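# Structural overview
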Amino acid sequence: MKRIQYHQYGGPEVMRLEDFEPRELGAGDVRVRVRAAAANPMDFGIRNGAMKMVTGRKFPRAMGYDFAGIVEAVGSGVTRLRVGDEVLGGAPIKWSGAFADVVVAEEKGIVTKPAELSFEAAAALPTVGLTAYQALFTKARLQPGEAVFVHGSLGGVGRAAVQLASAHGARVGGSCRAGSADEARELGIDPIVDFDFDPAALARRFDVVFDTVGKLPIKQARTMSKPNGRIISTAPTPVNMARSALPGPFQVVIAQAVTADIEAVARSAGKAELELPIARTVPLSEAVSALTELEQNGSSKRGKLIILPG
Ligand SMILES: NC(=O)c1ccc[n+]([C@@H]2O[C@H](COP(=O)([O-])OP(=O)(O)OC[C@H]3O[C@@H](n4cnc5c(N)ncnc54)[C@H](OP(=O)(O)O)[C@@H]3O)[C@@H](O)[C@H]2O)c1
């Protein structure tokens, strides 16, 4: 069996496609034969060592979190999933390992794949869908009829947020790169502004400002917020974490493996309320170079990179 792994923290040059033996199943663990996996910016950050406190110093370390596939074995105490189930989910950060023929993950991070979804479409969902869902509904408690501004509305988290908010009956405005306004319009975003917009033109218009990029200055977000507005960021920087701990409108979202939330995201995708474009599909044997290219280009401009084992 093959997986992408690395023997030291570092840049794209440390990634290797190598043989491995899947970990033993503990209580609550599930082994999944991966049919598709998806890349996220955090894959690169974690491989660079940005989360050493969680990921430790034991090597080799595997890569990849988001996957869809077929349950191959279950550990003791697993009751919701059975061998043969078609599923989607995320591996825990401490193990990772979705860029592989098989992955072991915790049952709580895995849900049944809606029959309407391909494995590729399902693999694209977990991280971005969960982050957007928990930002909008757990953190911001978005209500139907409210107005939300999504900064970076055409990225993975941004697109998921726009669609989940719209399906919930919210009005959605957002930012995108100059030249991408037509694509944003197709998603129903209104108003649409460039990344370097003037917040004064949008003063006090939004109940929720969701910075999916982590680059919107807090002053700008405050200007755009209504008096009881909520401001959510995906960036867990020390300053943001400190601000998030204080009373006030600002919170950082850190996606958590909450089964009911992943189920809600999967349900929305099954109903075609949530669709994430796929930019590129590559076999596992070519994934190291595709991941390197994605990382060096800085962003998945046209959608997700999907990796197909087997
Ligand atoms: N806290 C958490 O739990 C959590 C979970 C998931 C993701 N994240 C973080 O959230 C961020 C977004 O993730 P993603 O998966 O959505 O990434 P992505 O698909 O690469 O999207 C990034 C978006 O940011 C836009 N962008 C690039 N430069 C910008 C700028 N200067 N100003 C405004 N927007 C800019 C990109 O636009 P172009 O495509 O036009 O360049 C793109 O739309 C990443 O930093 C990721 O690490 C955090």
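Residues numbered from 1 in each chain as written. Predicted model: local features only at pLDDT ≥ 70, side-chain atom pairs only at ≥ 80, totals over all residues. Heavy atoms only, no water.

## Remarks on the nonpolar core
How we decide: We call a set of buried Ala, Val, Leu, Ile, Met, Phe, Trp, Tyr and Cys residues a nonpolar core when their side-chain atoms join them within 4.5 Å. Relative accessibility under 20% of the residue-type maximum defines a buried residue, over 50% an exposed one, and the middle range a partly exposed one, all with a 1.4 Å probe and only protein chains included. Under the DSSP-based scheme used, a helix requires at least four consecutive residues in state H or I and a strand at least two consecutive residues in state E, with every element numbered from the N terminus. How far each domain reaches was decided by an automatic or database domain assignment. We call two residues in contact when some of their heavy atoms are within 4.5 Å.
The biggest cluster of nonpolar side chains holds 46 residues, and the ones touching the most others in it are Leu88, Leu125, Leu136, Leu142, Val148, Phe210 and Leu274. Within the residue set of this core, elements represented by two or more residues are β3 (29–38), α3 (119–123), α4 (126–139), β9 (147–151), α5 (156–167), β12 (206–211) and α9 (259–270). With 7 residues, the top contributor of residues to this core is α4. In terms of domain composition, this core takes at least three residues from each of domain 1 (2–125 + 276–308) and domain 2 (128–252). What Leu125 contacts, discounting residues up to four positions off in sequence, is Leu88, Leu117, Leu130, Val265, Ala266, Ala269, Leu274 and Leu276. The next biggest cluster of nonpolar side chains, apart from the first, holds 33 residues, and it includes Tyr65, Ile110, Ala287 and Leu294.

## Observations regarding the pattern of salt bridges
The following threshold applies: Salt bridges are defined as contacts in which a side-chain nitrogen from Lys or Arg sits within 4 Å of a carboxyl oxygen from Asp or Glu.
Across all of its chains, the model carries 13 salt bridges by this definition. With a shortest N-O distance of 2.8 Å, Glu72 and Arg31 are connected by a salt bridge. Here Glu72 is found in strand β5 (residues 66–74), whereas its partner Arg31 is found in strand β3, with 41 residues between them in sequence. Judged by its relative accessible area of 27%, Glu72 is partly exposed. Note on Arg31: relative accessible area 23%, which makes it partly exposed. Close ionic contact of Glu106 with Lys108 constitutes a salt bridge, the shortest N to O distance being 4.0 Å. According to the relative accessible area criterion, Glu106 is partly exposed, its value standing at 21%. On the basis of relative accessibility, which here comes to 44%, the residue Lys108 falls in the partly exposed class. Ionic contacts of the salt-bridge type, sharing partners, join the residues Arg31, Arg33 and Glu72 into one network.

## A few points about the domain arrangement of the chain
Rule in force here: The term buried area means the drop in 1.4 Å probe accessible area that two parts suffer when joined, counted for both and summed. Each polar contact in these results corresponds to two N or O atoms within 3.5 Å; when the atoms are within protein, one needs to be able to donate a hydrogen and the other to accept it, and residues that are neighboring in sequence are counted only if both atoms are side-chain atoms. Gly falls in the polar group here, along with every residue not listed as nonpolar (Ala, Val, Leu, Ile, Met, Phe, Trp, Tyr, Cys, Pro) or charged (Asp, Glu, Lys, Arg).
Domains assigned within the chain are domain 1 (2–125 + 276–308) and domain 2 (128–252). In this assembly, 7 residues from domain 1 lie in contact with 7 residues from domain 2. Together domain 1 and domain 2 conceal approximately 510 Å² of surface at their shared face, both sides included; 54% is due to carbon and sulfur atoms. For the pair domain 1 and domain 2, the interface holds 0 salt bridges. Our enumeration of links across domain 1 and domain 2 arrives at 1 residue pair in polar contact (both at pLDDT 80 or more). Residues of the side of domain 1 that touches domain 2, tallied by class, amount to 4 nonpolar, 1 polar and 2 charged.

## A few points about the site of the ligand
Quick reminder of the rule: Proximity criterion: a residue is near a molecule or strand once any of its heavy atoms comes within 4 Å of it. Calculation of accessible area relied on Shrake-Rupley with a 1.4 Å probe; when residues are assessed, cover is drawn exclusively from the protein chains displayed.
Around the ligand, the structure places 21 residues, and the nearest of them are Gly156, Val157, Arg177, Val253 and Ala255. At 3.0 Å, a backbone N or O of Gly155 approaches an oxygen atom of the ligand. One of the backbone nitrogen or oxygen atoms of Thr212 is found 3.3 Å away from an oxygen atom of the ligand. Coverage of the ligand by the protein chains reaches 80% of its 930 Å² of free accessible surface. Listing elements by their share of the shell around the ligand, those giving two or more residues are α4 and α5. The element that contributes the greatest number of residues to the shell around the ligand is α4, accounting for 3 residues. Residues belonging to the shell around the ligand are distributed by class as follows: 9 nonpolar, 9 polar and 3 charged. Lining the shell around the ligand are residues from two domains, each supplying at least three of them: domain 1 (2–125 + 276–308) and domain 2 (128–252).

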